[in-house]
Amino acid sequence: MKTFSPKPNDLSHEWYVIDASDVVLGRLATVTANLLRGKNKPTFAPHADGGNFVVIVNADKIAISGNKLDKNLYQHSGFPGGLRAASYGELLEKDPARIIRSAVKGMMPKNRLSKVQLTRLRIFTGTEHPHTPQKPVPYEITQVSQQAK
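Here we summarise the structure given alongside this text. Keep in mind it's a predicted model, so treat the numbers as computed, not measured. Counting from 1, residues in each chain are numbered in the order their sequence is written. Confidence filtering applies because this is a predicted model: local features only for residues at pLDDT of at least 70, side-chain atom pairs given and counted only at 80 or more, and all residues used for totals across whole chains, interfaces and linings. Each side-chain value is worked out from all heavy atoms of the structure, with water and hydrogens disregarded.

### A few points about the pairing of strand 2 (residues 53-57)
Next, step 1: Accessible area is worked out with a 1.4 Å probe on protein chains only. A residue is then buried under 20% of its type maximum, exposed over 50%, and partly exposed in between. Only runs of H or I of at least four residues qualify as helices and only runs of E of at least two qualify as strands under DSSP, and these elements are numbered from the N terminus. Across the 5 residues that make up strand 2, a large majority, 5, are buried.
Next, step 2: Across the two faces of strand 2 the burial is the same, with F53, V55 and V57 and V54 and I56 all buried.
Next, step 3: As judged from the 3 bridges shared by strand 2 and strand 5 (residues 121-123), these two strands associate in the parallel manner. Bridging from a neighbouring strand, V54 pairs with L121 of strand 5. DSSP bridges decide pairing: two strands pair if at least two such bridges lie between them.

### Some remarks on the nonpolar core
Next, step 1: Residues belong to one nonpolar core when they are buried, are Ala, Val, Leu, Ile, Met, Phe, Trp, Tyr or Cys, and are joined through side-chain atoms within 4.5 Å. By size, the foremost hydrophobic cluster in this structure holds 30 residues, and its most contacted members are L28, I56, I62 and I100.
Next, step 2: At the level of elements, strand 1 (15-19), helix 1 (25-37), strand 2, helix 3 (88-94), helix 4 (96-107) and strand 5 are the ones that each hand at least two residues to this core.
Next, step 3: It is helix 1 that contributes the most residues to this core, 7 residues altogether.
Next, step 4: Setting aside residues up to four positions removed in sequence, I100 forms contacts with L25, L28, I56, A59, I62 and I123.
Next, step 5: Counting 5 residues, the second largest nonpolar core, distinct from the first, contains V17, F53, V55 and V57. Note on definitions: a residue-residue contact is assigned when non-hydrogen atoms from the two residues lie within 4.5 Å.

### Topic: the pattern of salt bridges
Next, step 1: Salt bridges are defined as contacts in which a side-chain nitrogen from Lys or Arg sits within 4 Å of a carboxyl oxygen from Asp or Glu. Summed over the entire model, instances satisfying the criterion amount to 2 salt bridges.
Next, step 2: A salt bridge links K41 to E14; the shortest N-O distance between them is 3.1 Å. Taken together, the positions of K41 in the loop between helix 1 and strand 2 and E14 in the segment before strand 1 put the pair 27 residues apart, joining distant regions of the chain.
Next, step 3: Judged by its relative accessible area of 32%, E14 is partly exposed.
Next, step 4: Two residues, D49 and R120, come together in a salt bridge whose shortest N-O distance is 2.8 Å. Here R120 lies in the loop between helix 5 (112-118) and strand 5 and D49 lies in the loop between helix 1 and strand 2, a separation of 71 residues in the sequence.
Next, step 5: Since its relative accessible area comes to 10%, R120 is described here as buried.

Next up, the structure:
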């Protein structure tokens, strides 16, 4: 039996919408990374770009488990000498998309293809997004946060 290698006309990019309300950050990041890579398709190949577009809504309502809101620090600005620490609680109020993008980037493989696949990630803080003409399919994450709010 020969190994299947997808051709360019075999690759398609679907659109998915994920509601991040009460979903734990790590679970959201793993599901998003798998959808961006296209691992949910039978034509998945690690060297081919068969990933999907992922739109995350309600990014400001993600759940972060444990004491990570105060304890964990998002450390570096990316510039030389840019060691500025901000807790997850501060970033959740200021820029929740940065937390999610950083977590998803950490779940992706460290190669050139993942940089292209990360450009297909769209994160919005509210319930509205401008990608309704693409007819995104809702993707349900069944296991949500165990915390009582």
